[in-house]
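# An overview of the molecular structure
If you want the building blocks of each chain, they are given just below.
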Amino acid sequence: TQLLEQSPQFLSIQEGENLTVYCNSSSVFSSLQWYRQEPGEGPVLLVTVVTGGEVKKLKRLTFQFGDARKDSSLHITAAQPGDTGLYLCAGGRNAGNMLTFGGGTRLMVKP
Amino acid sequence: DTEVTQTPKHLVMGMTNKKSLKCEQHMGHRAMYWYKQKAKKPPELMFVYSYEKLSINESVPSRFSPECPNSSLLNLHLHALQPEDSALYLCASSQKRTYQRGGRDEQFFGPGTRLTVL
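These lines cover the structure that appears in this document, whether it is placed above or below. (Residues numbered from 1 in each chain as written. Chains lettered and ligands numbered in written order. Predicted model: local features only at pLDDT ≥ 70, side-chain atom pairs only at ≥ 80, totals over all residues. Heavy atoms only, no water.)

## What about the interface of chain A and chain B?
Opposite the 25 residues of chain A that make contact, chain B presents 32 residues. Between chain A and chain B, a total of about 2,000 Å² is buried, with carbon and sulfur atoms accounting for 52% of that surface. Our count for the contact surface shared by chain A and chain B stands at one salt bridge. The closest approach of N and O atoms between Glu41(A) and Lys9(B), which form a salt bridge, is 3.0 Å. At the junction of chain A and chain B, the tally comes to 10 residue pairs in polar contact (both at pLDDT 80 or more). The set of elements that each furnish at least two residues to the side of chain A that touches chain B consists of strand S4 (31-37), strand S5 (44-49), strand S9 (85-92) and strand S10 (99-101) of chain A. If you tally residues by element for the side of chain A that touches chain B, the top one is S4(A), at four residues. (Contact = heavy atoms within 4.5 Å. Buried area = accessible area lost by both parts, 1.4 Å probe. Salt bridge = Lys/Arg side-chain N within 4 Å of Asp/Glu carboxyl O. Polar contact = N/O pair within 3.5 Å; in protein donor to acceptor, adjacent residues only side chain to side chain. Helix = DSSP H or I, 4+ residues; strand = E, 2+ residues; numbered from the N terminus.)

## A word on the pairing of S9(A)
All names here are of chain A. For S9, the buried fraction is high: eight of the eight residues fall into the buried class. Where S4 lies against S9, seven bridges are found, and the strand directions are antiparallel. Note that in S9 the partner of Gln37 across the bridge is Leu86. With three bridges connecting them, S9 and strand S11 (residues 105-110) associate as antiparallel partners. Of the residues in S11, the one forming a bridge with Gly85 is Leu107. Where S9 and S10 come together, three bridges link them in antiparallel fashion. From the neighbouring strand, Ala90 faces S10, where its bridge partner is Phe101. Joining the antiparallel neighbours S9 and S10 is a turn of six residues, in which Gly96 adopts a positive phi near 90°. (Buried < 20%, exposed > 50% of the residue type's maximum accessible area, 1.4 Å probe, protein only. Pairing = 2+ DSSP bridges.)

## Quick notes on the state of the cysteines
Residues and elements named next belong to chain A. One pass over the full model with this rule turns up two disulfides over all chains. Between the sulfur atoms of Cys23 and its disulfide partner Cys89 the distance amounts to 1.6 Å. Measuring the twist about the S-S bond at about -80°, one finds the Cys23-Cys89 disulfide to be left-handed. Here Cys23 is found in strand S3 (residues 19-24), whereas its partner Cys89 is found in strand S9, with 66 residues between them in sequence. Since its relative accessible area comes to 0%, Cys23 is described here as buried. (Disulfide = S-S within 2.5 Å.)

## Topic: the pattern of salt bridges
Residue and element names in this part refer to chain A. Evaluated as defined, the whole model comprises five salt bridges over all chains. With a closest N to O distance of 3.8 Å, Lys56 and Glu54 form a salt bridge. Since its relative accessible area comes to 31%, Lys56 is described here as partly exposed.

## Points about the sheet that holds strand S3 (residues 18-25) of chain B
Working definition: the strands of a sheet are paired by backbone hydrogen bonds and lie parallel or antiparallel to each other. All names here are of chain B. In spatial order, the strands read S1-S3-S8-S7; together these four strands make up an open sheet with antiparallel pairing. The open sheet has two edge strands with one neighbour each: strand S1 (4-7) and strand S7 (64-70). Strand-to-strand twist across the sheet, computed as the mean angle between neighbouring axes with direction ignored, equals 20°. Direction of pairing for S1 relative to S3: antiparallel, over a ladder of four bridges. The partner of Gln6 across the bridge, within S3, is Cys23. (Axes fitted to C-alpha atoms, helices over the stretch in contact; angles between N-to-C directions.)

## Focus: the sheet that holds strand S1 (residues 5-7) of chain A
Residue and element names in this part refer to chain A. Here we have five strands laid out as an open sheet, ordered S1-S3-S8-S7-S6, and antiparallel in their pairing. Looking at the sheet topology across the chains shown, the edges are occupied by S1 and strand S6 (55-58). Looking at each pair of strands side by side, their axes are set apart by 15° on average, direction ignored. Note: S1 against S3, three bridges, orientation antiparallel. Of the residues in S3, the one forming a bridge with Gln6 is Cys23.

Function-wise, these values are silent; they only describe arrangement.
Encoded structure:
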């Protein structure tokens, strides 16, 4: 069974602060997806990383895939209240279409 | 267009009712999924359809009955549910099919149906 450990589970910060969310596994994934989910809504895909060592930027969000494709991080610079939500990482496998989800990080950014 | 639509947005039903959840996508994806999500938890996979055929059933109770009428539509029929079945039900779709090797892993989610069973 492939597991994705996501940390921290909960983060409450002030507007303007920086933060990093981690997803770690002992298993190799073919890709890593990051989603953001607002209460009562479905997860929205932010980014997919597929190559070991890959870094992708989406405005103030920076995503990195570990060299060995076992871990990933999401860094947010100068967090805004609009960044509040549940952040989910999900790992894909080369064979098949099932995703392994991390436990989620609930982020609250206070004005 | 990366949109997956779901209806209804909210549903309240009694334990003896029969209701259906609907999902639609027009991205040409040939795999569609049902997930159940409880508060503050990640989505849990229930069913996977690949080329309109049920390929994965994650030991879901028979009171949940999925149906895939065509490649764009996915239904979830509900009957004799329990209060503990109350949750957000999410539909998703992907290019990648069950048993496919390689390809893009992304799944695109709908907004969900908030189900309350009384």
